[in-house]
Amino acid sequence: MVDEFTQTLLGVMVAIIMLGMGASLTPRDFYLALRRPYGLAIGVVSQYGIMPLLGFLLAMFLAVPETIAIGILIMACMPGGTTSNIFTYFSKGNLALSVLMTVTSTVFGVILIPLILLVYAAALDLEIPREDIIAVLIVLLVPVAIGMTLRKLNPNVGAVMEFLGSILGAFFIVFIAVTWVPQNWQFLLSTSGSTYVAAIGLGVVGITIGYFFATTLKLHPRNARTVALETGIQNGPLAIAIVVFTFPAEQQQAIMAVPALYSLFIVMTSTLVTFVFRRANTAAEQKMPDGLL
Amino acid sequence: MAHPDRPWTAYYGPEVRAQFDAPSYRNLPELIRSVAETYKGGKAFTCCLPNGMNGTLTFTQVDEMSDAFAAYLREVAGLNAGDRVAVQMPNCLSFPVVAFGVFKAGCTLVNVNPLYTADEMAKQFEDAEPHALVIIDMFADKIPAATKGHPIPNVIVTRVAEFLPAMPRGIVGLVQKYWDKSVKSVEVPHIRLPAALDAGRSHIGKDHVEVDAYHQNIGADDVAVLQYTGGTTGVAKGAMLTHGNLIMNMEQAMGMLATNLNKGEEVVLTALPLYHIFAFTVNMLSFYWMGARNILIPNPRPLSNVKRAFENYKITWMSGVNTLFNGLCNEQWFLDSPPKHMKFAGAGGMALQSSVAARWREITGTEVIQGYGLTETSPALTFEPPGKTREGTIGIPLPGTDVACFDEEGKRLPIGETGEIGARGPQIMKGYWKKPDATAEVMIDDWFLTGDIGVMEPDGYVRIVDRKKDMVVVSGFNVYPNEIEDVLAAHPAVVEAAVIGVPDGATGEAVKAFIVTADTGLTAEALRAYCKEHLTSYKVPKRVEFRDELPKSNVGKILRKDLRAEELAQIAAE
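Reading the values: the criteria
In this convention, every chain numbers its residues from 1, walking through the sequence in written order. Following the order in which they are written, the chains are lettered starting with A and the ligands numbered starting with 1. Since the coordinates come from a predicted model, pLDDT governs what is reported: local features require at least 70, and pairs of side-chain atoms require 80 or more to be given and counted, while whole-chain, interface and lining totals use all residues. Helical segments are the DSSP runs of H or I of at least four residues, strand segments are the runs of E of at least two, and each set is numbered from the N terminus. A radius of gyration in this sense is built from C-alpha atoms; the matching globule rule multiplies 2.2 Å by the number of residues raised to 0.38. Exposed residues have 12 or fewer other C-beta atoms within 10 Å of their own C-beta, buried residues have 20 or more, and partly exposed residues fall in between, where C-beta atoms are placed from the backbone. Residues are scored as being in contact if the C-beta atoms we place from backbone atoms lie within 7 Å. Note on pairing: DSSP must find at least two bridges between two strands before they are called paired. Here, axes are lines fitted to C-alpha atoms. For helices the fit covers the stretch in contact, and angles between N-to-C directions go from 0 to 180 degrees. The split into domains, and so the bounds of each, comes from an automatic or database assignment of domains. In this classification, Asp, Glu, Lys and Arg are treated as charged, Ala, Val, Leu, Ile, Met, Phe, Trp, Tyr, Cys and Pro as nonpolar, and every other residue, Gly included, as polar. For this entry, the nonpolar core is defined as buried Ala, Val, Leu, Ile, Met, Phe, Trp, Tyr and Cys residues connected by C-beta atoms within 7 Å. Classification remark: right-handed applies to a crossover when, strands pointing away from the viewer, the course from the first strand over the helix to the second runs clockwise. Each residue gets a pLDDT score, which is the predictor's confidence in that residue and runs from 0 to 100. In this analysis, the expected span of each helix is defined as 1.5 Å times one less than the number of residues it contains. Summarising the geometry, the arc corresponds to the directions from the helix axis toward the C-beta atoms. Handedness of each helix crossing follows the sense of rotation of the near helix against the far helix: counterclockwise by less than a right angle gives left-handed, clockwise gives right-handed.

With that out of the way, let us pick up the overall build of chain B. In terms of helices and strands, chain B carries 18 helices and 27 strands. Over its C-alpha trace chain B gives a radius of gyration of 23 Å, about what one expects of a compact globule, namely 25 Å for 574 residues. Along the first, second and third principal axes, the C-alpha atoms of chain B reach 70 × 65 × 50 Å. For chain B, the residues scored as buried account for 54% of the 574 residues in total. Partitioning the contacts of chain B with sequence separation of at least 6, the portion at a separation of at least 24 is 70%.

See the structure below:
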């Protein structure tokens, strides 16, 4: 249940968020990511290996209706969200790594998301509009490219876009809370508990597995915290945009339930995790003697 | 043919002027104006924030705005020539505008470390008696406590994003105010810098005030800057640096360094703070004179804060201290894409470790040349000539500078003998502000004694062997043990305290405190936290050791040198 105005607004917001993501990047970042494939591999495995599998298992074992299952799968297959960068910052994680993981997972997502969605959807016997999803993903790469160009041409415009993008990422949650939640109040009350379990579990379990995955690889604690948050925090706005732009109106309400609830709950989950991480942060930060300023 | 007393002159290139009798400009304002007329609309200063937001002032703009500030100081604030103006801010576009404005008003600039605690500020204000204070909003909350008993009549407040385009300025303002809450409320009557400039401009327009008249009687021998340094006793002393000192040191340094630099084309990274004499003279004055573009970094910590500056600007030169070069060599993003346009870099403030110099050369393919000097010498005395660096030395004396070693009786030693390094030249300060006795202690005729023990090689390269003063140098900042010991001794549980410098991989030297306490429950952490309340962070002891007693001389004086020897012996044993 999304009216045309809200739909347009959603589109604009997601476009600005992607523009901001692009503005945080230079072509050099991609070059460096490719030169150091180990880091890239960790990101791809956690983002497109762990999370979709987790989504698949949740959809399979929670016995949810088909539409909810599609929502879970889509949410699980999304690239990292820009909000992960904010939480990484507050968790004293590696901000550069977070930005890079978010962006590479977004770019690789164009190929990987439809592919993985297709595999898991087939396994669960679900129908998904594959071509439309690819189209939306490609269209959303345009603002990323524009953001990168803007930053190259004018660092001030780039920095402002980057800032607006991250602000809007946070505002998006508020937007969902004040528009979508009241409109769908009845639906939310009647939906089964397992939908909530999936929406919350995706974030909680994702972060947990991501953390153990990173520590198994013996990553520095800072990087392990980053990978954990990056794994669990998905791009909620993108999932919602995909649902809105590719599924028929009558299916939207149910499919959108998990992405919308996920977007709301991940803020709380990540905030709690941030407190835990901050407390655990005993490792030395990169420090310059205070004499330099 | 090199003069026998000055063998190093053989290393000067053919283009290096050997004699420096008089500065090329009458005073700093004349230099500022003349440079602005040459480079006009060229970019002079760019402030680059960690996220890439930036603002730029052209040579013409800096000239016009500093005129306006000079008019404000004289016409509105009512200052006279020679009055002191304290300036307390990190690197930002306001810095050159204000500093140049102070010079043009014929006033004296007093650089104040913005991170000083209110106590530290108070001591400096008490001594310098400034008539005006220009301060960054982030630290303005300290003003009431710092000026208690001796109020400063004019307070001008500025901010980091001053003179940036409206949009980034607004965003930075909002973020600082509501997000990191780093902007404090100003509880004293004050004016904002842009308003002060407008007020100054209106006088230039309305009364046709001639800014040049403010400094027409200011000459090479008049004091331009009071640059504070702790001195051996830890009591803050203001080194009186004249217009002549600064212009000459600029000409000397550039005379030797500028061999492969092009006027109007260089881009200089200024990550070191401008309130420190090294960046003040070398970056702000010398490279401005060269028509270079200065990229000002408000806060280089963490080092990722300078990443965008390296990405967005073709940096050709940078100045730094060992800590900065070492830090950059350990940043992954710097290793991945080292600057491509770098010509060379200058190091000062503390000894450049040869391992760091080698690493830098390997990563960037360019050299770091090391210089040496003190606050009292404006600061540069020696530099390694580009292309002729020599490991473990601080280079050769700058053109127009004599360096020699002196024995304990103050007798000049022949070249090759170890003694206290003395220097003479046009960059030696006029003296310490209001402290003729302290000045007399460091001067033998026209020779200034540095307090460092060194030796000159036969061809003029100088090596530092030891330091005579007990001073500790942390990343280029002087720390005086007396000051730290005073603070420590004031702690109720501390019976005795001694502070020395110990070698430290990251900062060159680190402050170590030895404590005798009556309270066995006192922890090093608690003591450090206590110090943080009273001292700027770099002065806070990095290491604390508890002892039953401290070594003392037979008159009861604590022997820091014994503690130092114990410490070094222990390091050697490990």
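Now that the structure has been shown, we can carry on.
Let's shift gears to the overall build of chain A. When helices and strands are counted, chain A shows 13 helices and 0 strands. The order of α-helices and β-strands along chain A, N terminus first, is α-α-α-α-α-α-α-α-α-α-α-α-α. In terms of overall size, chain A behaves like a compact globule, its C-alpha atoms giving a radius of gyration of 18 Å where 293 residues would be expected to give roughly 19 Å. Projected onto the principal axes, the alpha-carbon positions of chain A cover approximately 60 × 40 × 35 Å. Per-residue burial for chain A yields a buried fraction of 52% across its 293 residues. In chain A, the proportion of contacts linking residues at least 24 apart, taken out of those at least 6 apart, comes to 80%.

Once that is clear, we can look at the sheet that holds strand β4 (residues 108–111) of chain B. Residue and element names in this part refer to chain B. The strand order β7-β6-β5-β3-β4-β8-β9-β19 describes an open sheet built from 8 strands, whose pairing is mixed. Edge positions in the open sheet fall to β7 (191–192) and β19 (431–432), since each of these has one partner strand only. With 6 bridges joining them, strand β8 (residues 223–229) and strand β9 (residues 237–242) adopt antiparallel strand pairing. Within the sheet, the bridge partner assigned to Tyr 228 lies in β9 and is Gly 238. Across the sheet, helix α4 (residues 118–128) is in contact with β3 (84–88), β4, β8 and β9; its angle to β3 comes to roughly 160°.

Looking now at unusual backbone geometry. Cis geometry is adopted by the peptide bond preceding Pro 302 of chain B, which originates at Arg 301 of chain B and carries an omega value of -10°. Here Pro 302 of chain B shows up in the loop between β11 (293–296) and α11 (307–312). Looking along the chain, the bond that leaves Ser 378 of chain B and enters Pro 379 of chain B is cis, with omega of -5°. Phi angles above zero are rare outside glycine, and Lys 92 of chain A is one such case at about 55°. Mapping Lys 92 of chain A onto the fold places it in the loop between α5 (83–90) and α6 (95–124). Residue Lys 92 of chain A is classed as partly exposed on the basis of its 18 C-beta neighbours within 10 Å. Positive phi values are uncommon outside glycine, yet Glu 129 of chain B reaches one of about 45°.

Another aspect to go through is the domain arrangement of chain B. Residue and element names in this part refer to chain B. Assigned domains of chain B: these are domain 1 (27–431) and domain 2 (472–573). If you look at the interface, domain 1 gives 17 residues, while domain 2 gives 14 residues. When residues of the side of domain 1 that touches domain 2 are traced back to their parent elements, those giving at least two are α4 and α12 (322–329). The residue makeup of the side of domain 1 that touches domain 2, split by class, is 6 nonpolar, 9 polar and 2 charged.

Ranked by size, the top nonpolar core spans 244 residues in total, and within it Leu 73 of chain A together with Leu 73 of chain B carry the most contacts. Here this core gets 11 residues from one element, more than from any other, and that element is helix α13 (residues 249–280) of chain A. If near-sequence neighbours (up to four positions away) are discounted, Leu 73 of chain A is found in contact with Gly 55, Phe 56, Ala 59, Leu 117, Tyr 120 and Ala 121 of chain A.

Facing the 18 residues of chain A at the interface are 34 residues of chain B. Of all the elements in the fold, those that place two or more residues in the side of chain A that touches chain B are α2 (27–35) and α8 (155–183) of chain A. In terms of residue count, α8 of chain A provides more of the side of chain A that touches chain B than any other element does, 7 residues in total. Looking at the side of chain A that touches chain B residue by residue, the class counts come to 10 nonpolar, 5 polar and 3 charged.

Moving on: the pairing of strand β12 (residues 317–320) of chain B. Residues and elements named next belong to chain B. Of the two faces of β12, the one holding Trp 317 and Ser 319 and the one holding Met 318 and Gly 320 are both buried throughout. By the bridge criterion, 2 bridges tie strand β10 (residues 267–270) to β12 in an arrangement that is parallel. Each bridged residue has a counterpart across the sheet, and for Leu 269 the counterpart in β12 is Met 318. For β12 and strand β13 (residues 344–347), the ladder comprises 4 bridges, and the chain directions are parallel. Looking at β13, one finds that Met 318 is bridged to Ala 345.

Residue and element names in this part refer to chain B. Read across the open sheet, the 9 strands follow the order β2-β1-β11-β10-β12-β13-β14-β15-β16; overall the sheet is mixed. Whereas interior strands pair on both sides, the edge strands pair on one side only; in this sheet they are β2 (54–58) and β16 (396–397). Here 3 bridges tie strand β14 (residues 367–373) to strand β15 (residues 380–383), and the two strands are oriented antiparallel to one another. Across the sheet, residue Gly 373 finds its bridge partner in β15, namely Ala 380.

Of the two faces of β10 of chain B, the one carrying Val 267 and Leu 269 of chain B and the one carrying Val 268 and Thr 270 of chain B are both buried. As for the winding sense of the linkage, the β-α-β connection from β10 of chain B through helix α10 (residues 277–289) of chain B to β11 of chain B is right-handed.

The next thing to look at is the confidence of the model for chain A. Overall, the predicted model of chain A reaches an average pLDDT of 84, with 95% of residues at or above 70. Across residues 282–293 of chain A, confidence stays below pLDDT 50; counting only partners more than four residues off in sequence or on other chains, it has 37 contacts.

Turning our eyes to something else, we now look at the confidence of the model for chain B. All names here are of chain B. Mean pLDDT over chain B works out to 90, with 98% of the residues at or above the 70 mark. The least confident element of chain B, judged by mean pLDDT, is strand β24 (residues 477–479) at 82; the most confident is helix α3 (residues 94–104) at 98. Both scores are available for the predicted complex, with the pTM at 0.83 and the ipTM at 0.74.

Residues and elements named next belong to chain B. Here helix α7 (residues 193–206) contains 14 residues, and its C-alpha end-to-end distance of 20 Å stays within 8% of the 20 Å for a straight helix at 1.5 Å per residue. Along α7, the residues that are buried comprise Leu 193, Ala 196, Leu 197 and Gly 200. Around the axis of α7, the buried residues are gathered within 100° of arc, so they sit on the same side. Away from its buried face, by an angle of more than 90 degrees, α7 presents the exposed residues Gly 205 and Lys 206. Positive phi shows up at His 208, right after α7, with a value of about 50°.

Residues and elements named next belong to chain A. Their axes nearest at 7 Å, the elements helix α10 (residues 193–216) and helix α11 (residues 221–232) cross at an angle of 145°. At the point where α10 passes α11, the crossing takes the right-handed sense. The segment α10 lies against α11, with Gly 203, Gly 206, Ile 207, Ile 209, Gly 210, Tyr 211, Phe 213, Ala 214 and Thr 215 engaging Asn 223, Ala 224, Val 227, Ala 228, Leu 229, Glu 230, Thr 231 and Gly 232. Counted by class, the contact of α10 with α11 contains 9 nonpolar, 7 polar and 1 charged residues.

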